[in-house]
Amino acid sequence: MKTKITELLNIKYPILQGGMAWISEHKLAAAVSGAGGAGIIAGGNAPAEVIREEIRKTRALTDKPFGVNIMLMSPNAEELAQVVIDEKIAFVTTGAGNPGKFVERWKAAGIKVIPVVPGVALAKRMERSGADALIAEGTESGGHIGENTTMCLVPQVVDAVSVPVIAAGGIADGRGVAASLMLGAEGVQVGTAFLAAEECQIHANFKELVVRAKDTDTIVTGRFTGHPCRCIKTKFSRALVQHEKDGITPEEFENMTVGALKKAAADGNIEEGSFLCGAIAGMIDRIQPADEIIREMFNRANELLKR
Ligand code: TUI
């Protein structure tokens, strides 16, 4: 399938893997890139040198292009912004903020820049700053989310900018891919479906929660902090939301959630982990190799688009 995104990134299928903190590391990124998509290593809050190592490990596994996601709220964002230049990364996606101050430096280094935008205003600003493409991410996504849905957001961003738009949030099969293209997107970003990839290194408890989740099994925590986060419903995430209703302070919330992403992804700690996951989890019902996930998705999308 050829689109402006396959051309921009020199990939076979117009699919980017989500940059998921504590999750998107070299094995998953290399598998997605090896399958013809765009694998991504997530910076999250990790030290920049750890990500440099991840980049090198990915290169040892694949000669296909891959990217790095920079979470702009990370205290290490500035350092990582330089690491991607030193390591000659093909493209960068950004999340949880405005990457404006980095764009010029990345572009000068030949890096393609693809910011995640939760709305039209930031989309226009990012296009003016020189973004090569944009990811319009709906509130169906896992992790830190905006308010608008994929269905509403994608066509509005498409109408507002001339750079290619990638749809994200709630896309996990060929129907989602075909629908995204109908909304005017040139590609998709997929996170949740790759949680169930064989090559995804998260704890088995996390995969089991994803595979068993039904349509109503995600919940949004931390709305009152200004950084809402979608995750799987567990005793812990339900209790967090209850505490929020009862009026805990942002400091108390912070204390309860510090380290919660690692506790979920690395330790499978059901009692204290935040299992970040998109609202489409109910559709994920088995563990599969990443290349199978991608091939099935695009075979089905192509069938639908021919109709
Ligand atoms: O970044 C994500 N998803 C994430 S980041 C993350 S780590 C984290 N954990 C707790 C709190 C905050 C972060 C887990 N999941 N997705 C991309 C995304 N970006 N979603 C929303 C945004 C966004 C929000 C505001 C992008 C730009 C933005 O701009 C504000 C501004 O400065 O104009």
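Above this text sits the structure in question.
As the structure is a prediction and not an experimental result, all values here were calculated from the model.

Thresholds applied
- Residues numbered from 1 in each chain as written.
- Predicted model: local features only at pLDDT ≥ 70, side-chain atom pairs only at ≥ 80, totals over all residues.
- Heavy atoms only, no water.
- Near = heavy atom within 4 Å.
- Polar contact = N/O pair within 3.5 Å; in protein donor to acceptor, adjacent residues only side chain to side chain.
- Nonpolar A, V, L, I, M, F, W, Y, C, P; charged D, E, K, R; others polar.
- Phe/Tyr/Trp six-rings, centres within 6.5 Å; stacked < 30°, edge-to-face > 60°.
- Helix = DSSP H or I, 4+ residues; strand = E, 2+ residues; numbered from the N terminus.
- Axes fitted to C-alpha atoms, helices over the stretch in contact; angles between N-to-C directions.
- Parallel < 35°, antiparallel > 145°, perpendicular 65-115°, else oblique.
- Contact = heavy atoms within 4.5 Å.
- Buried < 20%, exposed > 50% of the residue type's maximum accessible area, 1.4 Å probe, protein only.
- Arc of directions from axis to C-beta.
- Pairing = 2+ DSSP bridges.

Draft legend 1. Quick look at the site of the ligand. In the neighbourhood of the ligand, 14 residues make up the surrounding shell, with A96, G97, V116, E137 and H144 lying closest. A96 has a polar backbone atom sitting 2.9 Å from a nitrogen atom of the ligand. One of the backbone N or O atoms of H144 is found 2.9 Å from a nitrogen atom in the ligand. Here the shell around the ligand is composed, by residue class, of 7 nonpolar, 6 polar and 1 charged.

Draft legend 2. Broad picture of the packing of aromatic side chains. What the rule picks out here adds up to 4 aromatic pairs. Ring centres of F206 and F275 lie 5.0 Å apart, and the angle between their planes is 90°; this geometry places the pair in the edge-to-face category. Highlighted residues: F206 in helix 10 (residues 204–212) and F275 in the loop between helix 13 (260–265) and helix 14 (290–306), separated in sequence by 69 residues.

Draft legend 3. Geometry of the packing of helix 11 (residues 235–246) against helix 12 (residues 250–257). At a closest axis distance of 11 Å, the pairing of helix 11 and helix 12 adopts a crossing angle of 170°. With respect to helix 12, the axis of helix 11 lies roughly antiparallel. Taking contact as the criterion, the partners of F236, L240, H243 and E244 in helix 11 are, on helix 12, F253, M256 and T257.

Draft legend 4. Geometry of helix 7 (residues 150–160). By the burial criterion, the buried members of helix 7 are T150, L153, V154 and V157. All buried residues of helix 7 lie within an arc of 95° about the axis, which places them on one face of the element. Relative to its buried face, helix 7 has exposed residues pointing more than 90 degrees away, namely M151 and D159. Taken together, the buried residues of helix 7 touch strand 5 (112–117), helix 6 (120–129), strand 6 (134–137) and strand 8 (165–168).

Draft legend 5. Quick look at the sheet that holds strand 2 (residues 39–42). Strand order in the open sheet formed by 8 strands is 1-9-8-6-5-4-3-2, with parallel pairing between adjacent strands. In this open sheet, the two edge strands, each paired with only one partner strand, are strand 1 (15–17) and strand 2. Mean inter-strand twist for the sheet, computed between neighbouring axes without regard to direction, equals 25°. Bridge analysis of strand 3 (residues 66–71) against strand 4 (residues 91–95) gives 5 bridges, and the strand direction is parallel. Within the sheet, the bridge partner assigned to N69 lies in strand 4 and is T93. The strands that helix 4 (residues 77–86) touches are strand 3 and strand 4; relative to strand 3, the one it contacts most, it runs at about 165°. Strands strand 3, strand 4 and strand 5 of the sheet are contacted by helix 5 (residues 100–108), whose axis makes an angle of about 155° with strand 5.

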